[in-house]
Amino acid sequence: MSKRIIITGGAGFIGSHVVRLFVTKYPEYTIINLDALTYAGNLENLKDIENHPNYIFEKANIVDAEAVKAVFDKYKPDGVIHLAAESHVDRSITSPLDFVYTNVIGTVNLLNAAKELWKKDYSGKRFHHVSTDEVYGALGETGFFTEATKYDPHSPYSASKASSDHFVYAYSDTYGLPVVLTNCSNNYGPNHFPEKLIPLMIHNIIHNKPLPVYGDGKYTRDWLYVIDHARAIDQVFHQGTVGENYNVGGFNEWKNIDLVKLLCKQMDEKLERPAGTSEQLITFVKDRPGHDLRYAIDASKINKELGWAPSVTFEEGLSKTIDWYLENKEWLDHVTSGAYQAYYEQQYAH
Ligand code: NAD
Ligand code: DAU
């Protein structure tokens, strides 16, 4: 069966791993990467697969309904995997409207385009919405988010993602659109933009810069290696029950301060610096407003129903991630200098 799948946000962190997995694992599919190339979009993430015959890049903004329709009309996809989003909580606190446009309106534009193209002939069709555990709000010291946890978002980012999830369910309930959703915990790994905790700390340790830890550093996140998230998306897209969501997480909780100390330890070893060198860079800074105390995912549904489980331990994943950043200094330099934004013009625009 030939499948044409639009993956939105494929030039970003997680999207690039999903695109690579689908392009290489399913040579019989055509994968169309639809991405606006915002500051978070980096086509250097996909250099290794950009010439594969089953890969196509389309620069388009999902906020522009006409542009979205044009891409759908051109490729007539049977599947959509939607990752494009404004993804950084701190940016949502300073610019909430950008999150409403892309995460809410952009998602509705995609839902409309799929609904119009498929015209109720839903056989073999699938709209997979990639969402976050942040829609569930914050946990106290104990407990887990399950698929039944009530939505209770706190930041403008999580409010926009919760809103987009509700629209996805609404299109399923109202129009019968065949949707699946995944709500995942914090990802880490190669190609992570260095505004997020782990890559920012790696970057700053390399450059001997302060390591800003918000508040008392006791906030807790559940970390998952990005390639395991991509594997989960593959399984849910193909085998998930239509109309349902699946929580994805690593059963791997870390307080931020403990995680930063582990990173410092591993990096001192890899950079052959005396033990304790990097820890001296830790600086406690002003807290994030509305900072959620703790996230922890119960991923037993996807494990029991689809057999998914993380493939790497945290120590292995973190070590691989640090090695990737040390071996790909050019990637990091291009991101911090802004040079990565010229890649599209150089490679694609004629
Ligand atoms: P990212 O910020 O690294 O990448 C986002 C991508 O979307 C970029 O390539 C960007 O150019 C593109 N994009 C942004 N606005 C767009 C627009 N208006 N039109 C078209 N493209 C646009 O994000 P990420 O961390 O890879 O997250 C991907 C998805 O996964 C998001 O939906 C996010 O909410 C979700 N998610 C992320 C995490 C995480 O830990 N990073 C965890 C759970 C869920
Ligand atoms: O839980 C899933 C979510 O994880 C995704 O939906 C988001 O897209 C993704 O950005 C991430 O959100 P977080 O806010 O948890 O990630 P971030 O890396 O920004 O922060 C992780 C924790 O580290 C959080 O408690 C805030 C803290 N932090 C972050 C930064 C950038 C610091 O202490 N210092 C920092 O400099």
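By the naming in an unreviewed UniProt entry, the protein chain is dTDP-glucose 4,6-dehydratase, taken from Niabella pedocola. UniProt, in its Sequence similarities (unreviewed entry) section for the protein chain, records the words "Belongs to the NAD(P)-dependent epimerase/dehydratase family. dTDP-glucose dehydratase subfamily." Under the UniProt heading Catalytic activity (unreviewed entry), the entry covering the protein chain gives this text: "dTDP-alpha-D-glucose = dTDP-4-dehydro-6-deoxy-alpha-D-glucose + H2O".

A few words on the packing of helix 10 (residues 314-327) against helix 11 (residues 329-337). Their axes nearest at 5 Å, the elements helix 10 and helix 11 cross at an angle of 75°. The pairing of helix 10 with helix 11 is recorded here as roughly perpendicular in orientation. Residue-level contacts link Trp-324, Tyr-325, Leu-326 and Glu-327 of helix 10 to Lys-329, Trp-331 and Leu-332 of helix 11. Looking at the contact of helix 10 with helix 11, its residues break down into five nonpolar, no polar and two charged.

Right, let's get into the site of ligand 2. Taken together, the neighbourhood of ligand 2 is formed by 23 residues, with Thr-132, Asp-133, Tyr-157, Arg-288 and His-291 sitting nearest. Measuring from an oxygen atom of ligand 2, one finds a side-chain N or O atom of Asp-133 at 2.6 Å. In the environment of ligand 2, a nitrogen atom lies 2.8 Å from a nitrogen or oxygen atom belonging to the backbone of Pro-212. Protein burial of ligand 2: of its 690 Å² of free accessible surface, 94% is covered by the chains. Elements that contribute at least two residues to the shell around ligand 2 include exactly helix 6 (197-206) and strand 8 (211-214). Per-element tally for the shell around ligand 2: the top contributor is strand 8, with three residues. Looking at the shell around ligand 2, its residues break down into 10 nonpolar, seven polar and six charged.

What follows is about the sheet that holds strand 6 (residues 179-184). Strand order in this open sheet of seven strands is 3-2-1-4-5-6-10, and the pairing throughout is parallel. Bordering the open sheet on either side are strand 3 (55-59) and strand 10 (245-248), each of which pairs with just one other strand. Looking at each pair of strands side by side, their axes are set apart by 20° on average, direction ignored. Bridge analysis of strand 4 (residues 79-82) against strand 5 (residues 126-132) gives four bridges, and the strand direction is parallel. Its bridge partner being in strand 5, Gly-79 is matched across the sheet by Arg-126. Against the sheet, helix 4 (residues 96-118) makes contact with strand 1 (3-8), strand 4 and strand 5, and its axis sits at roughly 170° relative to strand 5, the strand it touches most. The sheet contacts of helix 5 (residues 156-175) involve strand 5, strand 6 and strand 10, and relative to strand 5 the element is tilted by about 155°.

In terms of nonpolar packing, the biggest core is built from 32 residues, with Ile-198, Ile-202, Leu-211, Phe-314 and Leu-318 touching the most fellow members. Of all elements in the fold, only helix 6, strand 8, strand 9 (220-225), helix 8 (256-270), helix 10 and helix 11 reach the threshold of two or more residues within this core. In terms of residues, this core owes the most to one element, helix 8, which gives seven residues. Ile-5, Val-23, Ile-31 and Leu-83 belong to the second largest nonpolar core, which has 26 residues in total.

Another point: the pattern of salt bridges. It is possible for side chains bearing opposite charge to pair when their charged atoms get close. Counted according to the given criterion, the structure contains 14 salt bridges. Its salt-bridge partner being Glu-116, residue Lys-115 comes within 3.1 Å of it at the nearest N-O pair. With relative accessibility at 18%, the residue Lys-115 sits in the buried group. Overall, the relative accessible area of 45% leaves Glu-116 in the partly exposed class. Taken together, the salt bridges that share partners define one network made up of Arg-91, Glu-195 and Lys-196.

Our next topic: the site of ligand 1. Neighbouring ligand 1 are 29 residues; Asp-35, Asn-61, Ser-87, Tyr-157 and Lys-161 lie closest to it. One nitrogen or oxygen atom from the side chain of Asp-35 is found 2.5 Å from an oxygen atom belonging to ligand 1. Within the side chain of Lys-161, an N or O atom sits 2.7 Å from an oxygen atom of ligand 1. Here ligand 1 has 840 Å² of accessible area as a free molecule, and 96% of this is covered by the chains. Contributing elements (two or more residues each) for the shell around ligand 1: helix 1 (13-25), strand 5, helix 5 and strand 7 (186-188). Ranked by the residues each element gives to the shell around ligand 1, the list is headed by strand 5, at three residues. Here the residues of the shell around ligand 1 are counted per class, giving 15 nonpolar, 12 polar and two charged.

Between helix 1 and helix 7 (residues 226-239), whose axes approach to 9 Å, the crossing angle comes to 60°. As far as their axial angle goes, helix 7 and helix 1 are oblique. In this structure, helix 1 crosses over helix 7, and the sense of that crossing is right-handed. Judged by residue contacts, Phe-13, Ile-14, His-17, Val-18, Leu-21, Phe-22 and Lys-25 of helix 1 engage Val-226, Ile-227, His-229, Ala-230, Arg-231, Ile-233, Asp-234, Phe-237 and His-238 from helix 7. Tallied by class, residues from the contact of helix 1 with helix 7 come to 10 nonpolar, three polar and three charged.

The rules behind the values
Residues numbered from 1 in each chain as written. Chains lettered and ligands numbered in written order. Predicted model: local features only at pLDDT ≥ 70, side-chain atom pairs only at ≥ 80, totals over all residues. Heavy atoms only, no water. UniProt positions renumbered as here; feature names shortened; annotations may be inferred. Axes fitted to C-alpha atoms, helices over the stretch in contact; angles between N-to-C directions. Helix = DSSP H or I, 4+ residues; strand = E, 2+ residues; numbered from the N terminus. Parallel < 35°, antiparallel > 145°, perpendicular 65-115°, else oblique. Contact = heavy atoms within 4.5 Å. Nonpolar A, V, L, I, M, F, W, Y, C, P; charged D, E, K, R; others polar. Near = heavy atom within 4 Å. Polar contact = N/O pair within 3.5 Å; in protein donor to acceptor, adjacent residues only side chain to side chain. Areas by Shrake-Rupley, 256 points an atom, 1.4 Å probe, with all protein chains shown as cover. Pairing = 2+ DSSP bridges. Core = buried A, V, L, I, M, F, W, Y, C linked by side-chain atoms within 4.5 Å. Buried < 20%, exposed > 50% of the residue type's maximum accessible area, 1.4 Å probe, protein only. Salt bridge = Lys/Arg side-chain N within 4 Å of Asp/Glu carboxyl O. Left-handed = near helix turned anticlockwise from the far one by under 90°.

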